[in-house]
Amino acid sequence: MKMPSLRDSLAYEGFPQATRRVLEHVESCQGETGGNLGALVDEFVHFRALPHHTGLNALQELQLLQILSDYFGVKTNVGVARSVFMVLFATRGGADRLSDHKVKLLGKLVSMCIATQHEMVLDCTAFWILQEGATSPPVLALLNSIIQDYCMLMPGTLDTLQKVDKTSPSFACQFVTIVTGLYQLKPDTSSRPPPALLEVIAEWIAGNPRICLSSLRDAKGAVPVTPIPGLCHWCIKSPLVQVAERSSQE
């Protein structure tokens, strides 16, 4: 009698047990790369492998986020956690056919983990940003999702975001780096950061200036990027923008 393949076994179990098993399988396959592993992640974590698959409903998606949060929450080996995280969410510069879905799911996971102050997920996200590139479309999409959640849709939860620099200095460093690059302080208001976001960043840096260098320790194999040039850009350009604003109002 032929033994069922792993894929057949997972398909029989279905969500959510299949997702938990795939996460453990990815961890056990450290260092391996191959289409089979990616295909299992696509089908049983992202639920996007089959054309006829409708994906998860809203309640199941919340359950998926909790499964991911719980999985990374018990990991103590940062290297293993980062490796699994990259298998789940790497987009290869946006070339992955599931890039948009991955970034949307990651945005929801990160927003939830900011609220719960989940150190491992935030640290893994900082590493993901470093690998993807601070100016890559997936990273900018993730940042905009977080800003939308905490500065636009739910400004009353801003105090939660303010605690992130203590929970994950690496994530806070990457966050500031991207924000200073995204908002260039040009005459149009869309290029200026929301006041609430400025308040958060100012508190982070005033309370712990060393977060600006946190990315240096994680830069193995990648070009180190810090928020210092962007912050200098803001400090120099901000008075000029304010003067231009007053002149236009007079």
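For clarity, every value in this text was computed on a predicted model and none was experimentally measured. (Residues numbered from 1 in each chain as written. Predicted model: local features only at pLDDT ≥ 70, side-chain atom pairs only at ≥ 80, totals over all residues. Heavy atoms only, no water.)

Enquirer: Which residues make up unusual backbone geometry, and what values go with them?
Expert: The bulk of non-glycine residues show a negative phi, and the bulk of peptide bonds are trans. Backbone torsion omega between phenylalanine 15 and proline 16 reads 10°, so that peptide bond is classified as cis. One can find proline 16 in the loop between α1 (6–13) and α2 (17–28). The residue glutamine 117 is not glycine, and still its phi comes out positive at about 55°. Residue classification places glutamine 117 among the partly exposed residues on the basis of a relative accessible area of 22%. (Helix = DSSP H or I, 4+ residues; strand = E, 2+ residues; numbered from the N terminus. Buried < 20%, exposed > 50% of the residue type's maximum accessible area, 1.4 Å probe, protein only.)

Enquirer: Kindly report on the packing of helix α4 (residues 58–73) against helix α5 (residues 78–89), identifying the contributing residues and their values.
Expert: Taken N-terminus to C-terminus, the directions of α4 and α5 make an angle of 155°; their axes are 11 Å apart at the nearest point. Taken together, the axes of α4 and α5 lie roughly antiparallel to each other. Between α4 and α5 lies a crossing whose hand is right-handed. Every residue of α5 that contacts α4 at Leu68, Tyr71 and Phe72 is listed here: Ala81, Val84, Phe85, Leu88 and Phe89. Taken together, the residues that form the contact of α4 with α5 break down as 8 nonpolar, no polar and no charged. (Axes fitted to C-alpha atoms, helices over the stretch in contact; angles between N-to-C directions. Parallel < 35°, antiparallel > 145°, perpendicular 65-115°, else oblique. Left-handed = near helix turned anticlockwise from the far one by under 90°. Contact = heavy atoms within 4.5 Å. Nonpolar A, V, L, I, M, F, W, Y, C, P; charged D, E, K, R; others polar.)

Enquirer: Residue-level account of the environment of leucine 88, with values.
Expert: Its location among the elements puts leucine 88 in helix α5. Looking at leucine 88, the relative accessible area reads 0%, which means it is buried. C-alpha separation for the pair leucine 88 and leucine 23, spaced 65 residues apart in sequence, amounts to 8.8 Å. Residues contacting leucine 88, with those up to four places away along its chain left out, are Leu23, Val41, Val45, His46, Leu68, Phe72 and Lys102.

Enquirer: Account for the confidence of the model for the chain, naming residues and giving values.
Expert: In this model, the chain carries an average pLDDT of 85, and 84% of its residues clear a pLDDT of 70 or more. Model confidence for the chain, summarised as mean pLDDT per element, is weakest for helix α13 (residues 228–249) at 75 and strongest for α4 at 96. (pLDDT = per-residue confidence, 0-100.)

Enquirer: Please set out the pattern of salt bridges residue by residue, giving values where relevant.
Expert: Within the structure shown, the criterion is met by 6 salt bridges. Where arginine 21 meets glutamate 13, a salt bridge forms, and the shortest distance between an N and an O atom there is 2.9 Å. We note a salt bridge from lysine 108 to glutamate 61, for which the minimum N-O separation is 2.6 Å. A residue pair is termed long-range when its members are at least 10 positions apart, and lysine 108 in helix α6 (residues 99–116) and glutamate 61 in helix α4 qualify at 47 residues. (Salt bridge = Lys/Arg side-chain N within 4 Å of Asp/Glu carboxyl O.)

Enquirer: Go over the environment of phenylalanine 15, please, and point to the residues and values.
Expert: By secondary structure assignment, the location of phenylalanine 15 is in the loop between α1 and α2. Taking relative accessible area as the criterion, phenylalanine 15 reaches 18% and is therefore assigned buried. Along the sequence, phenylalanine 15 and glutamine 60 sit 45 residues apart, while their C-alpha atoms lie 8.4 Å from each other. Apart from residues lying up to four places away in sequence, phenylalanine 15 is in contact with Phe47, Leu56, Gln60, Gln63, Leu64 and Ile67.

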